[in-house]
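Take a look at the letters that make up each chain.
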Amino acid sequence: MPAVTVENILTLPRVSHPAPDAVTRPVRSVTTAPSGFEGEGFPVRRAFAGVDLAALDPFIHMDQMGEVEYAPGEPKGTAWHPHRGFETVTYIIDGTFEHRDSHGGGGTITNGDTQWMTAGSGLLHIEVPPESLVLSGGLFHGLQLWVNLPGSMKMSNPRYQDIRGGEVALLSTHDGGGLVRVIAGEVDGHQGPGITHTPISIVHATIEAGGQLRLPWNPQFNALVYVLNGLGTVGPDRRPIRQGQLVVLGAGDVIEVGANEQQESRSPSLDLYIMGGRPIREPVAAYGPFVMNTRAELVQAFEDFQAGKLGTIPSEPHPGHSFS
């Protein structure tokens, strides 16, 4: 799981030691993500399945895409689909994805890159592997997170941010046994490149076997820890965690996680996607690709989509979207 790495982690700034009176966030729940398929058939884990939406706020949905080793001809993407009322954050750990929208936007994201799309008032969107990956096959692994928008911003203009892996803020854990990548928001005084409408922080942390992470966390934010790979413990009572599990943490100042001394051979370290934000605390009416505040707004989104108001599919061909 390369994403972004460094040759010598000890040259990086270190995460601060928490204050003596800092409160470690307790574990509220640990759930295991069920597996399924998305788009044209690529495998996903539904990270938030079974978790109360109020505990996730301001987040709505997250899929872990892969990790999968494709044979030639197997890589798959999504068909054209609409979005309105939220933001999608697509983080590619291994592999390459191309994205395109009905407004003429698009680009390619690869190892360690993040594509941040504010759907806002609405657009049509497609995500596909590049033609070279379809022909050759290869490793693919990523995440897509949906971030809610407050009602006052749901009809804002769509926009993109393509965040390259080299732009993220890099830190070392206090014991030098882990790498912390700040993708968005502010963590321990270090700012990630992602610009957010909804105040949030996102981190990808890699903790080597036996390492510890005590990460200062905004007490006004909620805190979610998703295990991408590896074995470890979380919280003051050292609750066991493993790949594909989501931890919802309670109130406090510090997120505390440790990597087991013994890891599986295929996952030599503990990889975590840590996210949190200021809860919006507004009603949520969500169905399929639309996330609004009321049922009437949801119906309007469907009507606008059917009337072509969210855009039309460009007529030019899109390499990588034809699969054998």
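Residues numbered from 1 in each chain as written. Predicted model: local features only at pLDDT ≥ 70, side-chain atom pairs only at ≥ 80, totals over all residues. Heavy atoms only, no water.

Counting 33 residues, the largest nonpolar core has Phe48, Met62, Leu145, Ile202, Tyr226, Tyr273 and Met275 as its most contacted members. In this structure, Val187, Ala205, Ile207 and Leu249 belong to the second largest nonpolar core, which totals 27 residues. (Core = buried A, V, L, I, M, F, W, Y, C linked by side-chain atoms within 4.5 Å. Buried < 20%, exposed > 50% of the residue type's maximum accessible area, 1.4 Å probe, protein only.)

Right, let's get into the packing of aromatic side chains. Counted by the stated rule, this structure contains six aromatic pairs. On the basis of an interplanar angle of 55 degrees and a centroid distance of 5.9 Å, the ring pair of Tyr287 and Phe302 is categorised as tilted. On the criterion of sequence distance, the pair formed by Tyr287 in strand β25 (residues 285-287) and Phe302 in helix α3 (residues 295-306) is long-range, its members being 15 residues apart. With relative accessibility at 56%, the residue Tyr287 sits in the exposed group. Residue Phe302 is classed as partly exposed on the basis of its relative accessible area of 27%. Among the aromatic residues, those joined into a ring-pair cluster are Tyr287, Phe290, Phe302 and Phe305. (Phe/Tyr/Trp six-rings, centres within 6.5 Å; stacked < 30°, edge-to-face > 60°. Helix = DSSP H or I, 4+ residues; strand = E, 2+ residues; numbered from the N terminus.)

Along the chain, Phe97 turns up in strand β7 (residues 97-101). Distance from Phe97 to Gly36, taken between C-alpha atoms, is 20 Å for residues 61 residues apart in sequence. Excluding residues that lie within four positions of it along the chain, Phe97 makes contacts with Lys76, Gly77, Ile92, Gly107, Thr108, Ile109, Glu127, Val128, Pro129, Pro130 and Phe140. (Contact = heavy atoms within 4.5 Å.)

The end-to-end C-alpha distance of α3 is 17 Å, a good match for the 16 Å that twelve residues give at a rise of 1.5 Å each. Taken together, the buried positions of α3 are occupied by Leu298, Ala301 and Asp304. Taken end-on, α3 shows its buried residues confined to a sector of 125 degrees, consistent with a single buried face. Turned more than 90 degrees away from the buried face of α3 sit Arg295, Ala296 and Gln306, all of them exposed. The inward-facing, buried residues of α3 contact β25 and β26 (290-292). (Expected span 1.5 Å × (residues − 1). Arc of directions from axis to C-beta.)

So, on to the sheet that holds strand β21 (residues 239-242). As a general point, the strands of a sheet are linked pairwise by backbone hydrogen bonds and lie either parallel or antiparallel. Spatial strand order, β18-β23-β20-β21: four strands in an open sheet with antiparallel pairing. One side of each edge strand has no neighbouring strand; the edge strands of this open sheet are β18 (212-216) and β21. Strand-to-strand twist across the sheet, computed as the mean angle between neighbouring axes with direction ignored, equals 25 degrees. Sheet topology note: the strand β20 (residues 231-234)/β21 ladder contains four bridges and is antiparallel. Paired with Val234 across the two strands is Arg239, which belongs to β21. (Pairing = 2+ DSSP bridges. Axes fitted to C-alpha atoms, helices over the stretch in contact; angles between N-to-C directions.)

A separate point is the sheet that holds β7. A sheet is described by the order of its strands in space; here four strands give the open sequence β5-β10-β7-β8, paired in antiparallel fashion. Pairing within the sheet leaves two strands with one partner each, and these edge strands are β5 (81-83) and β8 (106-109). Strand after strand, the sheet turns through a mean of 30 degrees between neighbouring axes, direction not considered. Note: β7 against strand β10 (residues 123-128), four bridges, orientation antiparallel. From the neighbouring strand, His99 faces β10, where its bridge partner is Glu127.

Function-wise, these values are silent; they only describe arrangement.
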